[in-house]
Amino acid sequence: MARRNLSGLRVLVTGASQGIGRALVLEAAKRGCKVLAAARSQPLLDELAAEVRKTNGVVQTVVADVTKPEDRVAMVAAATQHFGGMDVLVNNAGIGATGHFMDSEPEVLRQIFETNFFGLTETTRAFLPLLKQGATPAIVNISSVVGKRALPARSLYSASKFAVMGFSEAIRAELAKDGIDVLVVSPGLTQTNFSKNMLEQKAKMQLDHLRGMTSEEVAGATLKAIERGSLDVTLTLKGKMLVMVNRFAPWIVDFFSKKKVRELFADEIAERKKKQTEAAVAK
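Residues numbered from 1 in each chain as written. Predicted model: local features only at pLDDT ≥ 70, side-chain atom pairs only at ≥ 80, totals over all residues. Heavy atoms only, no water.

J.: I'm lost on the overall build of the chain in this one. Help?
T.: Tallying secondary structure elements over the chain gives 9 helices and 9 strands in all. By the compact-globule yardstick of 19 Å for 283 residues, the chain fits well, its C-alpha radius of gyration being 21 Å. Split into buried and exposed, the 283 residues of the chain put 48% on the buried side. For the chain, the share of sequence-separated contacts (at least 6 apart) that also reach a separation of at least 24 residues comes to 72%. A total accessible area of about 14,600 Å² is found for the chain, and carbon and sulfur atoms account for 55% of it. Averaging the positions of the 39 positive and the 29 negative side-chain charges in the chain gives two centres separated by 5 Å. (Helix = DSSP H or I, 4+ residues; strand = E, 2+ residues; numbered from the N terminus. Rg over C-alpha atoms; globule rule 2.2 N^0.38 Å. Buried < 20%, exposed > 50% of the residue type's maximum accessible area, 1.4 Å probe, protein only. Contact = heavy atoms within 4.5 Å. Areas by Shrake-Rupley, 256 points an atom, 1.4 Å probe, with all protein chains shown as cover. Lys, Arg positive; Asp, Glu negative; His and termini not counted. Charge placed at Lys NZ, Arg CZ, Asp CG, Glu CD.)

Written as structure tokens, this is what we have:
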């Protein structure tokens, strides 16, 4: 793993128009990076670019959906045209959904994997030739605490982030020969519009994202990880505690997860037991 001087590094951030991605672009530019911001919305990218340039930051934008092959080609072309290459790829684009697996539709899971996993892996594939020629190159995959320990009503999102973690660990070794670091940053609850942009919100218990880290704090921690070459970073105290407890005593997390679900579905459980009792009496 390599330590880096951020100033002058060429950085691509996907999902750059909102939340963590937007904060990453602003903070990276402030620290002297040459930033290529990629997102699906041209108006939001234009607003972001104008904000960066007010402080004399260096930024270029490209409208791109990471799930589309032609858009991934467009990102590579933009990086080559504007900066002559790329040093750091930040795979930040992501979508989510909440609710129990049995209540979800197959297409929702596929949509989540298309963006969170396949979009990430194929963007990585597209940029590898440029990164191999970059200065202290790195791939930074923005994952999640639930990519280390899954929680109920987050099964679809968790599965996609577990896949990201597995992919990252494997290519970290594969790309060592090319001098490319692979970093994973796992935020906990973050104050963004992420929850508002979910494909589905069917969970009975909503998590309070306003009590989490700010996007700016996550961006700062991510840039610090890039600077230091930290390969695996888990954010928030609660996130670190969850991962730690799960590592040494996963049964504790299982116990409280099951307990919470039983409490939320107490009426359903009671009704089922009532029917079972009535059926038994009828016999």
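Once you've had a look at it, read on.
J.: I tried to follow helix α3 (residues 69–83) on my own but got confused; where do I start?
T.: Helical periodicity: at 3.6 residues per turn, an α-helix aligns residues three or four positions apart in one direction. Look at α3: 21 Å from first C-alpha to last across 15 residues, which is about the 21 Å you get at 1.5 Å a residue. By the burial criterion, the buried members of α3 are D71, R72, M75, V76, A78, A79 and F83. Axial view of α3: buried residues confined to an arc of 160°, hence all on one face. In α3, the exposed positions angled more than 90 degrees off the buried face are occupied by E70, V73 and Q81. Looking at the packing, one finds that the buried side of α3 touches β1 (10–13), β2 (34–39), β3 (58–63) and α4 (106–132). One or two steps after α3, the chain reaches G84, where phi turns positive at roughly 75°. (Expected span 1.5 Å × (residues − 1). Arc of directions from axis to C-beta.)

J.: Is there a simple way to think about the side chain of S144 in this case?
T.: Structurally, S144 can be placed in the loop between β5 (138–142) and α5 (155–174). Polar side-chain contacts of S144 include one of 3.1 Å to the backbone nitrogen of V146. When neighbours within four sequence positions are excluded, S144 is seen to be in contact with Y157, K161, V185, S186 and P187. (Polar contact = N/O pair within 3.5 Å; in protein donor to acceptor, adjacent residues only side chain to side chain.)

J.: How should the packing of helix α7 (residues 237–248) against helix α8 (residues 250–264) be read in this particular structure?
T.: Helix-helix packing is characterised by the crossing angle of the two axes and by the distance between the axes. Where α7 contacts α8, the axes come no closer than 5 Å and their chain directions differ by 115°. With respect to α8, the axis of α7 lies roughly perpendicular. Listed contacts from α8 to L242, V245, N246, R247 and F248 of α7 are P250, I252 and V253. (Axes fitted to C-alpha atoms, helices over the stretch in contact; angles between N-to-C directions. Parallel < 35°, antiparallel > 145°, perpendicular 65-115°, else oblique.)

J.: For this particular structure, what's the right way to read the packing of aromatic side chains?
T.: What characterises a pair of aromatic rings is the spacing of the ring centres plus the angle enclosed by the ring planes. Tallied over the full model, the rule gives 4 aromatic pairs. Between F117 and F118 the ring centres are 5.2 Å apart and the planes differ by 70°, which places this aromatic pair in the edge-to-face class. When its relative accessible area of 17% is taken as the criterion, F117 is described as buried. For F118, a relative accessible area of 39% puts it in the partly exposed group. Aromatic pair F117 and F167: ring centres 6.2 Å apart, planes at 85°, arrangement edge-to-face. Here F117, found in helix α4, pairs with F167, found in helix α5; they are 50 residues apart in sequence, far enough to count as distant. The pair F117 / F167 is uniform in exposure class, with both members buried. Chaining the aromatic ring pairs together yields one cluster made of F113, F117, F118 and F167. (Phe/Tyr/Trp six-rings, centres within 6.5 Å; stacked < 30°, edge-to-face > 60°.)

J.: I would appreciate a short explanation of the layout of surface pockets in the present structure.
T.: Over the atoms a probe the size of a water molecule is rolled, and this reveals where empty space is left. Space inside the second largest pocket adds up to approximately 190 Å³. Every residue lining the second largest pocket is listed: A23, L26, E27, A29, K30, E51, V52, T55, E216, A219 and G220. When residues in the lining of the second largest pocket are grouped by element, the largest group, 5 residues, is from helix α1 (residues 19–30). Class assignment for the residues of the lining of the second largest pocket results in 5 nonpolar, 2 polar and 4 charged. (1 Å grid on protein atoms, 1.4 Å probe; cavity = no way out; pocket = protein on both sides within 12 Å on 5 of 7 lines; lining within 4 Å. Points joined across faces, edges and corners; volume = space filled by probe spheres on them. Nonpolar A, V, L, I, M, F, W, Y, C, P; charged D, E, K, R; others polar.)

J.: Can you walk me through the pairing of β1 in this structure?
T.: Consecutive side chains of a regular strand alternate in pointing toward one face of the sheet and then the other. The alternating pattern of β1 places R10 and L12 and V11 and V13 on opposite faces, both of which are buried. As paired strands, β1 and β2 are joined by 4 bridges and run parallel to one another. Its bridge partner being in β2, L12 is matched across the sheet by L36. Viewed along the sheet, the connection from β1 through α1 into β2 turns out right-handed. (Pairing = 2+ DSSP bridges. Right-handed = clockwise from strand over helix to strand, strands pointing away.)

Keep in mind these numbers describe shape, not what the thing actually does.
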